[in-house]
Amino acid sequence: MRTKYSVRTHNCGKLSPKNVGEQVILAGWVQRRRDHGGLIFIDLRDRSGIVQVVSNPVHGTEAFNVARKIRGEYVICVEGKVAKRPQGTVNPTLPTGEVEVIARDIEILNPSKTPPFEIESGVDVDESLRLKFRYLDIRRPEMLRNLKLRHEVVTKVREFLNKRDFLEIETPILTKSTPEGARDYLVPSRLQPGRFYALPQSPQLFKQILMVGGIERYYQIARCFRDEDLRADRQPEHTQIDLEMSFVTQDDILQLVEEMMVEIFSLLDIDLKTPFERLSHQEAVERFGTDKPDLRYSLDLVDISDIAFQSEFKVFTNAIASGGIVKGIRVPNCASLSRKEIDELVESATAKGAKGLSWMAISENEVKSPIAKFFTPSQLEEIVDRLEAKPGDLLFFVADKREVTCEILGYLRGELADRLGLMDPLQFKFVWIVDFPLFEYDEEEGRLKSHHHPFTVPTEDSLPLLDKDPLAARAYAYDLVVNGVEIGGGSLRIYDRKLQEKIFKLLEISPEEAERKFGFLLEALEYGAPPHGGIAFGLDRLVMLLAGCSSIREVIAFPKTQTATCPLTGSPDIVDEKQLKELHIRRR
RNA sequence: GGAGCCGUGGUGUAGCCUGGUCAACACGCUGGCCUGUCAAGCCAGUGAUCGCGGGUUCAAAUCCCGUCGGCUCCGCCA
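Residues numbered from 1 in each chain as written. Chains lettered and ligands numbered in written order. Predicted model: local features only at pLDDT ≥ 70, side-chain atom pairs only at ≥ 80, totals over all residues. Heavy atoms only, no water.

**Looking at the packing of helix H5 (residues 204-212) against helix H15 (residues 511-525)**
Part 1: Two elements in contact, H5 and H15, have axes whose closest approach is 10 Å; the angle formed by their N-to-C orientations is 20°. Considered as vectors, H5 and H15 are oriented roughly parallel to each other. Every pair of crossing elements has a handedness; the one defined by H5 and H15 is left-handed. Facing H5, whose interface residues are Leu205, Gln208, Ile209 and Val212, H15 presents Phe518, Phe520, Leu521 and Ala524.
Part 2: Considered class by class, the residues forming the contact of H5 with H15 number seven nonpolar, one polar and no charged. (Axes fitted to C-alpha atoms, helices over the stretch in contact; angles between N-to-C directions. Helix = DSSP H or I, 4+ residues; strand = E, 2+ residues; numbered from the N terminus. Parallel < 35°, antiparallel > 145°, perpendicular 65-115°, else oblique. Left-handed = near helix turned anticlockwise from the far one by under 90°. Contact = heavy atoms within 4.5 Å. Nonpolar A, V, L, I, M, F, W, Y, C, P; charged D, E, K, R; others polar.)

In structure tokens form, the structure reads like this:
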């Protein structure tokens with residue numbers, strides 16, 4: 001019996017009436033033990049599922065004695081016969097509920113301490129405890145399901161891209177720090193005193209170099225590192241589905257990705273309609289107040305500046321006079337919202353940076369609002385018409401600079417949708433955001449900053465704008481957004497050294513710095529670089545959406561806490577002085 | 001760097017506002033009974049000085065300050 005587990009014949013969860021009569025050897029963990037005194041039931045669990053084992057002294061005296069000692073999470077091996085359950089004892093909630101295994105022999109392979117929390121679905125346990133005992137947490141069905149789903153997504157992606165002639169190629173983890181972007185994780189070099197590697201924020205430059213290397217189609221399931229603060233959807237290391245192609249247009253890439261998404265979502269029997277909706281960056285911001293809109297609900301933002309300017313309401317007219325706008329949002333059937341609820345919304349908008357938030361409640365023949373007195377009846381009617389408001393609707397208005405107005409209302413839009421339960425968790429609304437600005441203005445640094453990254457190619461008609469009005473320049477850049485979550489983004493890249501240098505110059509990266517940081521790329525561009533472009537997806541976010549979770553930690557085997565620590569291993573940790581010395585590092 | 005919420009036996013919570021049987025409930029765990037349960041049942045028992053430190057008070061889980069940890073968010077994340 002010592003090594004019987006090595007000849008395990010079946011998986012627990014796979015047993016069915018078809019196996020009745022068969023002699024089987026199972027191995028797994030004890031989910032639960034029900035001791036009836038003269039008869040003991042054991043729910044035996046392995047990765048495939050659970051099956052009930054019955055230990056009756058009649059069928060195995062020794063086994064019964066062992067069964068009495070068994071406790072939860074013991075690892076055991078059971079030999080016995082599969083039997084149909086007696087009439088009236090079938091468990092319809094268990095896939096294997098029609099059968100049970102009559103134990104002839106039971107061996108305890110390894111006992112277990114009582115786990116610090118119950119290993120079952122739907123636990124509500126402190127997350128840091130789950131993470132400290134992640135190996136127990138992973139035994140829970142939800143975690144197993146999520147990790148399995150993640151595996152299936154990755155498998156699907158590989159199949160899909162392999163079929164389309166992509167090569168999976170690894171790029172270095174120990175690489176070079178680059179300016180711009182997120183804070184790098186640094187790794188001190190032992191052999192080169194005083195020098196540091198950086199962990200990659202993405203394989204961006206390597207994949208472009210691979211294109212220059214004639215690979216034409218590359219992908220990688222790539223780990224990426226960013227030393228920034230964490231969120232529910234942000235970890236210091238995350239995994240990207242990274243791909244790059246030569247000789248393609250933006251449309252080629254978008255189309256390929258759509259096909260890939262169809263494949264991925266077919267895993268959950270979800271039929272995605274292609275092509276996905278496309279919104280220009282500008283339209284997204286104007287209509288939804290964000291570049292990652294959740295299109296499961298409408299609540300569009302509507303400009304009423306022209307009407308508002310005619311009113312007597314100083315807040316509105318002043319905002320417009322100083323170059324701002326007034327926009328509104330219509331919330332259906334919410335005129336009955338209590339004053340307290342409205343005040344809460346006003347407060348949250350103010351917390352977001354709004355100077356104020358005006359509202360109007362629409363009823364059959366009047367507009368109830370603290371600001372109604374500043375408007376003529378016909379102006380009010382125009383506003384109602386413009387927002388297509390119906391009796392029972394509630395309207396909110398913000399007056400400020402264009403960007404601020406859109407941002408606040410965009411935030412309010414999400415807040416309202418959440419409160420009103422407009423986010424259908426079973427629906428997946430894909431949208432491409434395209435025509436991104438090439439640059440944005442960095443107030444802090446007082447200079448231009450790449451909206452996507454410095455290697456993104458401007459559209460042809462933007463080229464003349466680079467010198468005149470760079471902020472008006474558009475890029476061949478695109479984001480894929482699902483239900484308000486940005487799951488991927490990419491661009492066509494610059495493959496001309498002169499243009500790349502020009503962009504660096506506009507970003508106020510000196511030729512010396514450009515040479516030092518990106519010299520190898522600039523040089524590569526001079527040796528027959530093909531036109532190319534690509535995209536990268538946040539695998540964790542994608543799987544999170546598919547799994548219906550609200551944090552990527554649920555789909556990562558060993559995630560970090562908000563303070564970037566690992567309760568399981570205790571990393572990060574102090575190291576020996578000897579190690580530091582070898583690395584030429586002195587602590588302050 | 002900032003804001004908010006949380007921290008009570010192994011787990012999840014109640015108690016906290018209105019200081020004084022202040023430690024309760026469920027699950028778990030241990031033992032006993034029990035041959036058809038599957039969240040088994042019944043009986044008995046075990047177990048927390050209330051994250052930590054300080055303060056107020058005759059008296060603090062309860063009020064105040066600080067601190068640590070977890071989570072959410074802002075900043076940050078090309």
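What follows picks up the thread again.
**Quick look at the pattern of salt bridges**
Part 1: Per the counting criterion, the structure on display carries 38 salt bridges.
Part 2: Of the charged contacts in the structure, one is a salt bridge between Arg287 and Asp300, with a shortest N-O distance of 3.0 Å. With a gap of 13 residues between them, Arg287 in helix H7 (residues 281-288) and Asp300 in the loop between H7 and strand S12 (301-303) connect regions that are remote in the sequence.
Part 3: Salt-bridge contacts for Asp306 lead to Arg386; the nearest nitrogen and oxygen are separated by 2.9 Å. Taken together, the positions of Asp306 in helix H8 (residues 305-310) and Arg386 in helix H11 (residues 377-386) put the pair 80 residues apart, joining distant regions of the chain.
Part 4: Residue Asp306 is classed as partly exposed on the basis of its relative accessible area, which comes to 44%.
Part 5: For Arg386, a relative accessible area of 31% gives the class partly exposed.
Part 6: Through salt bridges with shared partners, a single network forms among Arg130, Arg134, Asp137, Arg140, Glu142 and Glu554. (Salt bridge = Lys/Arg side-chain N within 4 Å of Asp/Glu carboxyl O. Buried < 20%, exposed > 50% of the residue type's maximum accessible area, 1.4 Å probe, protein only.)

**Description of the protein's contact with RNA strand B**
Part 1: Lining the immediate environment of RNA strand B, one finds 50 residues, of which Arg32, Arg85, Thr89, Glu100 and His452 sit closest.
Part 2: Within 4 Å of the protein, the atoms of RNA strand B are drawn from sugar and phosphate moieties in a proportion of 50%.
Part 3: The contact in question runs from a phosphate oxygen of RNA strand B to an N or O atom on the backbone of Gly38, over 3.1 Å.
Part 4: Taking Ser202, its side chain carries an N or O atom lying 3.4 Å from a base nitrogen of RNA strand B.
Part 5: Where the surface near RNA strand B is concerned, the elements lending two or more residues are strand S1 (23-35), strand S2 (40-46), helix H2 (127-132) and strand S19 (447-450). (Near = heavy atom within 4 Å. Polar contact = N/O pair within 3.5 Å; in protein donor to acceptor, adjacent residues only side chain to side chain.)

**Comments concerning H11**
Part 1: Among the residues of H11, Gln379, Leu380, Ile383 and Val384 are the ones counted as buried. Viewed end-on, H11 has its buried residues packed into an arc of 140°, placing them on one side of the element. Opposite the buried face of H11, at more than 90 degrees from it, the exposed residues are Pro377, Glu381 and Asp385.
Part 2: In this fold, the buried residues of H11 make contact with H8, strand S14 (358-363), strand S15 (366-368) and strand S16 (394-400). (Arc of directions from axis to C-beta.)

**Some points on the pairing of strand S9 (residues 217-225)**
Part 1: Counting buried positions along S9 yields seven of nine residues, so the element is predominantly enclosed.
Part 2: Of the strand pairs in this sheet, strand S6 (residues 167-168) and S9 are connected by two bridges, and their pairing is parallel. Pairing of Leu167 across the sheet is with Tyr218, part of S9.
Part 3: Across nine bridges, the pairing between S9 and strand S10 (residues 237-246) is antiparallel. What sits directly across from Arg223, in S10, is Thr239. (Pairing = 2+ DSSP bridges.)

**Considering the nonpolar core**
Part 1: Met260, Met261, Phe430 and Ile487 are the most contacted members of the largest nonpolar core, which totals 76 residues.
Part 2: Among the elements that line this core, the one with the most residues is helix H6 (residues 250-266), at eight residues. (Core = buried A, V, L, I, M, F, W, Y, C linked by side-chain atoms within 4.5 Å.)

**Thoughts on the side chain of Glu244**
Part 1: Residue placement: Glu244 occurs in strand S10.
Part 2: Judged by relative accessible area, which is 0%, Glu244 ranks as buried.
Part 3: Polar side-chain contacts of Glu244 include one of 2.7 Å to the side chain of Arg493.
Part 4: Leaving out residues up to four positions away in the same chain, Glu244 has contacts with Phe166, Lys207, Gln208, Met211, Glu216, Arg217, Tyr218, Arg493, His532, Gly533, Gly534 and Ile535.

**Digging into the layout of surface pockets**
Part 1: The volume enclosed by the second largest pocket comes to roughly 1,000 Å³.
Part 2: In terms of lining, the second largest pocket is formed by 30 residues, of which the most central are Val285, Gly289, Thr290, Asp291 and Glu407.
Part 3: Breaking the lining of the second largest pocket down by element, the ones donating at least two residues are H7 and helix H12 (402-419).
Part 4: Top contributing element to the lining of the second largest pocket by residue count: H12, with nine residues.
Part 5: Split into classes, the residues belonging to the lining of the second largest pocket amount to nine nonpolar, nine polar and 12 charged. (1 Å grid on protein atoms, 1.4 Å probe; cavity = no way out; pocket = protein on both sides within 12 Å on 5 of 7 lines; lining within 4 Å. Points joined across faces, edges and corners; volume = space filled by probe spheres on them.)

**Points about the sheet that holds strand S17 (residues 430-434)**
Part 1: Spatial strand order, S6-S9-S10-S22-S21-S20-S17-S11: eight strands in an open sheet with mixed pairing. Across the chains shown, the open sheet's two edge strands, defined by having one partner strand only, are S6 and strand S11 (277-280).
Part 2: The sheet contact formed by strand S21 (residues 485-492) and strand S22 (residues 532-538) spans five bridges and is antiparallel. Residue Gly488 lies in a different strand from S22, and its bridge partner there is Phe537.
Part 3: Running at roughly 150° to S9, helix H4 (residues 141-163) makes contact with S6, S9 and S10 of the sheet.

**Looking at the packing of helix H14 (residues 497-506) against H15**
Part 1: At their nearest, the axes of H14 and H15 sit 10 Å apart, and the two run at 160° to each other. When the axes of H14 and H15 are compared, the pair comes out roughly antiparallel. Remark: the crossing between H14 and H15 carries right-handed chirality. Across from Arg497, Gln500, Glu501 and Phe504 in H14, the residues of H15 making contact are Ala514, Glu515, Phe518, Leu522, Glu523 and Leu525.

**Details of the packing of aromatic side chains**
Part 1: Within this structure, the stated rule accounts for 12 aromatic pairs.
Part 2: Geometrically, the ring pair formed by Phe455 and Phe504 is edge-to-face, given 6.3 Å between the ring centres and 90° between the ring planes. Of the two residues, Phe455 sits in the loop between S19 and helix H13 (465-468) while Phe504 sits in helix H14, which places them 49 residues apart along the sequence. (Phe/Tyr/Trp six-rings, centres within 6.5 Å; stacked < 30°, edge-to-face > 60°.)

**With respect to the confidence of the model for chain A**
Part 1: When pLDDT is averaged along chain A, the result is 93; 99% of the residues meet or exceed 70.
Part 2: Across the interface, the model reports ipTM at 0.93; the global pTM reads 0.93. (pLDDT = per-residue confidence, 0-100.)

**What about the sheet that holds S12?**
Part 1: Strand order in the open sheet formed by five strands is S12-S13-S16-S14-S15, with antiparallel pairing between adjacent strands. On the outer flanks of this sheet lie S12 and S15, each paired with one strand and no other. The mean angle between the axes of side-by-side strands here comes to 30°, regardless of whether they run parallel or antiparallel.
Part 2: Sheet topology places S14 next to S16; four bridges connect them, and they run antiparallel. Bridge pairing in S16 places Ala361 opposite Leu394.

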